[in-house]
2 protein chains.
Amino acid sequence: MKKIINNPENYLKEMLEGIYIAHQDQVTCVNDDLQCYVTKNKTPGKVGISTGGGSGHLPLFLGYVGDGMLDGCAVGDVFQSPSAEQMFEITKDIDQGAGVLYIYGNYNGDIFNFDMATEMADFEENIQVTTVLGADDVASAGPSAPGEKSTRRGVAGIFFVYKCAGAAAAKMYDLETVTRIAQKAADNVRTMGVALSACVVPRVGKAGFSIEENEMEIGMGIHGETGIRRGQLESADQITEEMMQQILADLPYVEGDEVAVLVNGLGATPLDEQYIVTRKIDAILKEKGIKAYRYYVGEYATALEMSGVSISLLKVDEELKPLIDYPVNTPFFKQM
Amino acid sequence: MKKIINNPENYLKEMLEGIYIAHQDQVTCVNDDLQCYVTKNKTPGKVGISTGGGSGHLPLFLGYVGDGMLDGCAVGDVFQSPSAEQMFEITKDIDQGAGVLYIYGNYNGDIFNFDMATEMADFEENIQVTTVLGADDVASAGPSAPGEKSTRRGVAGIFFVYKCAGAAAAKMYDLETVTRIAQKAADNVRTMGVALSACVVPRVGKAGFSIEENEMEIGMGIHGETGIRRGQLESADQITEEMMQQILADLPYVEGDEVAVLVNGLGATPLDEQYIVTRKIDAILKEKGIKAYRYYVGEYATALEMSGVSISLLKVDEELKPLIDYPVNTPFFKQM
């Protein structure tokens, strides 16, 4: 295991201490629990938005807490859910009198704990809580039938749900509207990724799987979940073509649509390669008559030191576009 | 070689095409030469600032072109200098009537070409050009004698030179003042890095060196230049302690000083680890009675997919602090 760390047992605590030191002007924790991460900047009457999930994905999840996006994040240990109590503590802290929206990825541990936190908020504090799940990973399961819960995992596309919901809350929309907008973003985003190498959970000390030197895995999840196809490493254009085909067909995204595009590095893949992928995405979109409204390129949702990229598309309309354009200022993500 | 690329011969071109597509509202190129990268946002009477250098270090160098920082960047192929002609074309484009400052790293190829571009700007266009070199890598050579040119390499600390000079130019200071401030920043910044793994130049296809699974190299350069010590991988706290000792002793930084701190990931090292290092830096600074004025943590100057981190300190005073605080908006780096 090749990491710049101390005792793996202290990984989460020391990482969080570093974050609170570096960004003390913007964020703090609740009740001295480092895992209850909240913004210092409250606005009375604003809908509070919280997220949560395991560590190992920086800047996801906590990196999106700040002006124009989220108010709090329950931080779990690497690839583990935070507790319901932590979610509840954050909920109390970030409720600014207009209720709280939970946005998180579609993973069982997180669902169980956030559901319990919802009940605690309702019974103990009379705080109204709504929930929107990120379930954008096209590779993880087929589409859900109408009215049924998605079994797809949430991956990088949750960034767009945060972005739209956060802007809606900053515009002082009410809980019902912010929730509707978050759900609309979640319904209109699709993601697919490719992994070229594994990652190592610090406490475990070795990779739980491996990918051969000449191989890639299309659709691998951000914790190393099995994808849809393992095969020989192909060119950037071929990989992009395959992922875009699956994404475009899924919603589907069609001629005349406008999309916001997120090209996301999984950790070890240089920005250079992410832009080589961006170039090919743009060519494909042009060919299909789909307009790229805005590009985001960089590391937005990682899997420790995994190498690979993911592509997310969000179909935007006249309601979502100004929310995508709305300024953001968090320690990890800024948009002017 | 495990990369998401097409023909390695097209690596630079395709990466740049992706960048111009994603950020077409902010940047463009001169004379259809993709390697002549300039901001779209000109301000008459403002000192122009240009940089340049080899690719493979994103967001360095071109990522700092934008409002509040640089005006142009000559982009070389991976780890290679751009040409004097490209530097000259950019100089003509970004001269806004107040002269141009070149800020670049202390590498022979870059020096040769920028010197030639300076002569061309003077003789052919009568544009006044000044130069400040980044030579912040403590590990690469001893300190230079007074009046002598430094033989140290430029690494991540050049970010602070860009930051201060860019803010000074945005405040409409004249060329002499912007140059003096850039030199002051360069004189007060020191960097040291540690590498845990090698990187692969796409055209070459394999690493030019290797670091064993249980090893690290303190002081390795951003092209894989030999460092000061190769040894067994140590804990984050030990590594940070060793690097900080060398940095602090060099200027030296002493009790009562204030410093801006840059903790920089070299490519494959997760942000988590960079914050674990940040935590230890802060403890060391507190112990020494040195005040951390501001922290920057993330990937600011990489070496493709190399894993490792570097630490840069800039000693700040009442002149540099407001320049550090000045807002920036480039496609790759934003500060509010």
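Residues numbered from 1 in each chain as written. Chains lettered and ligands numbered in written order. Predicted model: local features only at pLDDT ≥ 70, side-chain atom pairs only at ≥ 80, totals over all residues. Heavy atoms only, no water.

Digging into the overall build of chain A
A tally of helices and strands in chain A yields 8 helices and 14 strands. Taken over the C-alpha trace, chain A has a radius of gyration of 19 Å; the compact-globule value for 336 residues is 20 Å, and the two agree within 12%. A buried classification covers 63% of the 336 residues belonging to chain A. As displayed, chain A offers around 11,800 Å² of accessible surface, 47% of which is attributable to carbon and sulfur atoms. Across chain A, the centroid of the 28 positively charged side chains sits 4 Å from that of the 48 negatively charged ones. (Helix = DSSP H or I, 4+ residues; strand = E, 2+ residues; numbered from the N terminus. Rg over C-alpha atoms; globule rule 2.2 N^0.38 Å. Buried < 20%, exposed > 50% of the residue type's maximum accessible area, 1.4 Å probe, protein only. Areas by Shrake-Rupley, 256 points an atom, 1.4 Å probe, with all protein chains shown as cover. Lys, Arg positive; Asp, Glu negative; His and termini not counted. Charge placed at Lys NZ, Arg CZ, Asp CG, Glu CD.)

Some words on the pattern of salt bridges
For the coordinates displayed, the defined rule picks out 54 salt bridges over all chains. For Glu17 of chain A, the salt bridge is made with Arg279 of chain B, and the minimal N-O distance between the two is 2.6 Å. On the criterion of chain membership, the pair formed by Glu17 of chain A in helix H1 (residues 11-22) and Arg279 of chain B in helix H7 (residues 271-288) is interchain, its members lying in two chains. Residues Glu89 of chain B and Lys92 of chain B are paired through a salt bridge, measuring 3.4 Å at the closest nitrogen-oxygen approach. In this pair, Glu89 of chain B and Lys92 of chain B are both assigned in helix H2 (residues 84-94), 3 residues apart and thus about one turn of the helix distant. Accessibility expressed as a relative area gives 23% for Glu89 of chain B, which makes it partly exposed. Three or more residues joined by partner-sharing salt bridges are found here, namely Lys13, Glu14 and Glu17 of chain A together with Asp237 and Arg279 of chain B. (Salt bridge = Lys/Arg side-chain N within 4 Å of Asp/Glu carboxyl O.)

Structural notes on the UniProt feature "domain: DhaK" (unreviewed entry) in chain A
Mapped onto the present numbering, the UniProt feature "domain: DhaK" (unreviewed entry) falls on residues 7-333 of chain A. A helix fraction of 32% and a strand fraction of 24% characterise residues 7-333 of chain A, whose end C-alpha atoms lie 29 Å from each other. (UniProt positions renumbered as here; feature names shortened; annotations may be inferred.)

Some points on the domain arrangement of chain A
Quoted interface sizes are often the accessible area lost when the parts come together. Residue and element names in this part refer to chain A. Domain annotation for chain A reports domain 1 (8-188 + 324-335) and domain 2 (189-317). With centres defined by C-alpha atoms, the gap from domain 1 to domain 2 works out at 23 Å. For the pair domain 1 and domain 2, the summed buried area comes to about 3,300 Å², and 59% of that belongs to carbon and sulfur atoms. The largest share of the area that domain 1 buries against domain 2 comes from Phe79, Phe160 and Asn188, three residues that together contribute 20% of it. Across the domain 1-domain 2 interface, the total number found is 5 salt bridges. Lys184 is the partner of Asp317 in a salt bridge, and the nearest nitrogen-oxygen pair spans 2.6 Å. Where domain 1 meets domain 2, there are 20 residue pairs in polar contact (both at pLDDT 80 or more). Of all the secondary structure elements, the ones that give two or more residues to the side of domain 1 that touches domain 2 are strand E4 (72-78), helix H4 (158-170), helix H5 (175-187) and helix H8 (320-325). Considering only residue class, the side of domain 1 that touches domain 2 consists of 21 nonpolar, 6 polar and 10 charged. (Domains from an automatic or database assignment. Buried area = accessible area lost by both parts, 1.4 Å probe. Polar contact = N/O pair within 3.5 Å; in protein donor to acceptor, adjacent residues only side chain to side chain. Nonpolar A, V, L, I, M, F, W, Y, C, P; charged D, E, K, R; others polar.)

Focus on the side chain of Lys2 of chain A
Mapped onto the secondary structure, Lys2 of chain A falls in the segment before H1. No salt bridge is formed by the buried Lys2 of chain A; its nearest oppositely charged neighbour, Glu213 of chain B, is found at 5.2 Å. Looking at Lys2 of chain A, its side chain comes within polar contact range of the main-chain oxygen of Glu212 of chain B, at 2.5 Å.

Thoughts on the layout of surface pockets
Empty space left among the atoms is revealed by rolling a probe the size of a water molecule over them. The computed volume of the second largest pocket comes to approximately 1,000 Å³. Lining the second largest pocket are 41 residues, with Ser197 and Glu305 of chain A together with Ser197, Ala268 and Glu305 of chain B sitting closest to its centre. Among the residues forming the lining of the second largest pocket, the class breakdown is 18 nonpolar, 10 polar and 13 charged. (1 Å grid on protein atoms, 1.4 Å probe; cavity = no way out; pocket = protein on both sides within 12 Å on 5 of 7 lines; lining within 4 Å. Points joined across faces, edges and corners; volume = space filled by probe spheres on them.)

Considerations on unusual backbone geometry
In the segment running from Leu58 of chain B into Pro59 of chain B, the intervening peptide bond is cis, with an omega of 5°. By secondary structure assignment, the location of Pro59 of chain B is in the loop between strand E3 (48-55) and strand E4 (72-78). A cis amide bond links Leu251 of chain B with the next residue in sequence, Pro252 of chain B, at an omega value of -5°. Structurally, Pro252 of chain B is set in the loop between helix H6 (236-250) and strand E10 (258-265). Although it is not a glycine, Asn31 of chain A adopts a positive phi angle of roughly 55°. Looking at where Asn31 of chain A falls in the secondary structure, it is placed in the loop between strand E1 (27-30) and strand E2 (33-39). We classify Asn31 of chain A as exposed; its relative accessible area is 58%. A positive phi is found at Phe79 of chain B, a non-glycine position, where the angle reads about 60°. Note on placement: Phe79 of chain B falls in the loop between E4 and H2.

Considering the sheet that holds strand E7 (residues 189-195) of chain A
In a beta sheet, neighbouring strands pair by backbone hydrogen bonds and run either parallel or antiparallel. Residue and element names in this part refer to chain A. Pairing is mixed in the open sheet, where 6 strands are placed in the order E9-E8-E7-E12-E10-E11. In this open sheet, the two edge strands, each paired with only one partner strand, are strand E9 (229-232) and strand E11 (291-298). Across the sheet, the mean angle from the axis of one strand to that of its neighbour is 15°, orientation sign disregarded. Sheet topology note: the strand E10 (residues 258-265)/strand E12 (residues 308-316) ladder contains 8 bridges and is antiparallel. Along E12, the bridge assignment pairs Gly265 with Val309. Across the sheet, helix H7 (residues 271-288) is in contact with E10, E11 and E12; its angle to E11 comes to roughly 170°. (Pairing = 2+ DSSP bridges. Axes fitted to C-alpha atoms, helices over the stretch in contact; angles between N-to-C directions. Contact = heavy atoms within 4.5 Å.)

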